[in-house]
Amino acid sequence: MLKTDQAKYIRPDSIKNLIFSIYFPGRMTSLYRLMQLRLLFFLTGLFVNPAFGQLQKVTQLEFEKNPKFQEIMEVKPVPDGLVVMVKENSYYTSDHFKWHFKRLNYALDEVWSTSVKLESRYEDIHFYQNQDYMYWLFAEAQSENINILRLDLAQGEVDEFKGELLGKSRYSSF
């Protein structure tokens, strides 16, 4: 049985008594001291450091799908963000397809947005990217016609270069 003067060290009534009993333990055993330390750390964690990570809003990006079009989406990493490309092809007409480009920073804020319409006779052959531009090489099947698309990563401007090769060639690098 414990005496009443020992009971106040074992079961503190308030935080003040808890802190006082840790610094001046008296006849308290080490097990009770360890339990009081755990309780003190738990209570200070509740009042001093609330869990802010669970209260922060999750950043997400949503795209609406248009049922009239077949859409293929690609994401390419670039310095200071990413470029989202959506290749859009209509189910009803097959004479052209449209590419939409969006440049996003790391906070998923839109920097610029642009789109370009390409003839459907060209097939996507190669892709190349450097610090400032993205390039796509398109070629027409059974023909020497090519199309080069250049996307400026800083401004979002699209340049298109059409041409014809001198003869049939095999594309291994671009």
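Fair warning: this is a prediction, and the values are worked out from it, not measured in the lab. (Residues numbered from 1 in each chain as written. Predicted model: local features only at pLDDT ≥ 70, side-chain atom pairs only at ≥ 80, totals over all residues. Heavy atoms only, no water.)

Student: Just checking my understanding: could you explain a nonpolar patch on the surface for this structure?
Tutor: Taken together, Leu-61, Phe-63, Met-73 and Val-75 make up a surface patch of nonpolar side chains, about 340 Å² in accessible area. As for its placement among the helices and strands, Met-73 is situated in strand E1 (residues 69–78). (Patch = residues over 30% accessible without salt bridge, like charges linked within 9 Å, V, L, I, M, F, W, Y side chains within 5 Å. Areas by Shrake-Rupley, 256 points an atom, 1.4 Å probe, with all protein chains shown as cover. Salt bridge = Lys/Arg side-chain N within 4 Å of Asp/Glu carboxyl O. Helix = DSSP H or I, 4+ residues; strand = E, 2+ residues; numbered from the N terminus.)

Student: Would you take a moment to explain the pairing of strand E4 (residues 110–119) for this structure?
Tutor: Looking along a regular strand, one sees the side chains alternate between the two faces of the sheet. Relative to E4, strand E3 (residues 96–104) runs antiparallel, the two sharing 9 bridges. Looking at E4, one finds that Phe-97 is bridged to Leu-118. Hairpin connection from E3 to E4: 5 residues lie between these consecutive antiparallel strands, with Leu-108 at a positive phi of about 65 degrees. (Pairing = 2+ DSSP bridges.)

Student: In this structure, what is going on with unusual backbone geometry? I would like to understand it.
Tutor: Most of the time, phi is negative for any residue but glycine, and the peptide bond is trans. The backbone of Asp-80 sits at a positive phi, close to 65 degrees, despite the residue not being glycine. Residue position: Asp-80 is located in the loop between E1 and strand E2 (81–90). Among the residues examined, Asp-80 registers a relative accessible area of 56% and is labelled exposed. With a phi angle near 60 degrees, Gln-142 is a residue other than glycine that sits in the positive phi range. As for its placement among the helices and strands, Gln-142 is situated in the loop between strand E6 (133–140) and strand E7 (145–152). On the basis of relative accessible area, Gln-142 is assigned to the exposed category, the value being 75%. (Buried < 20%, exposed > 50% of the residue type's maximum accessible area, 1.4 Å probe, protein only.)

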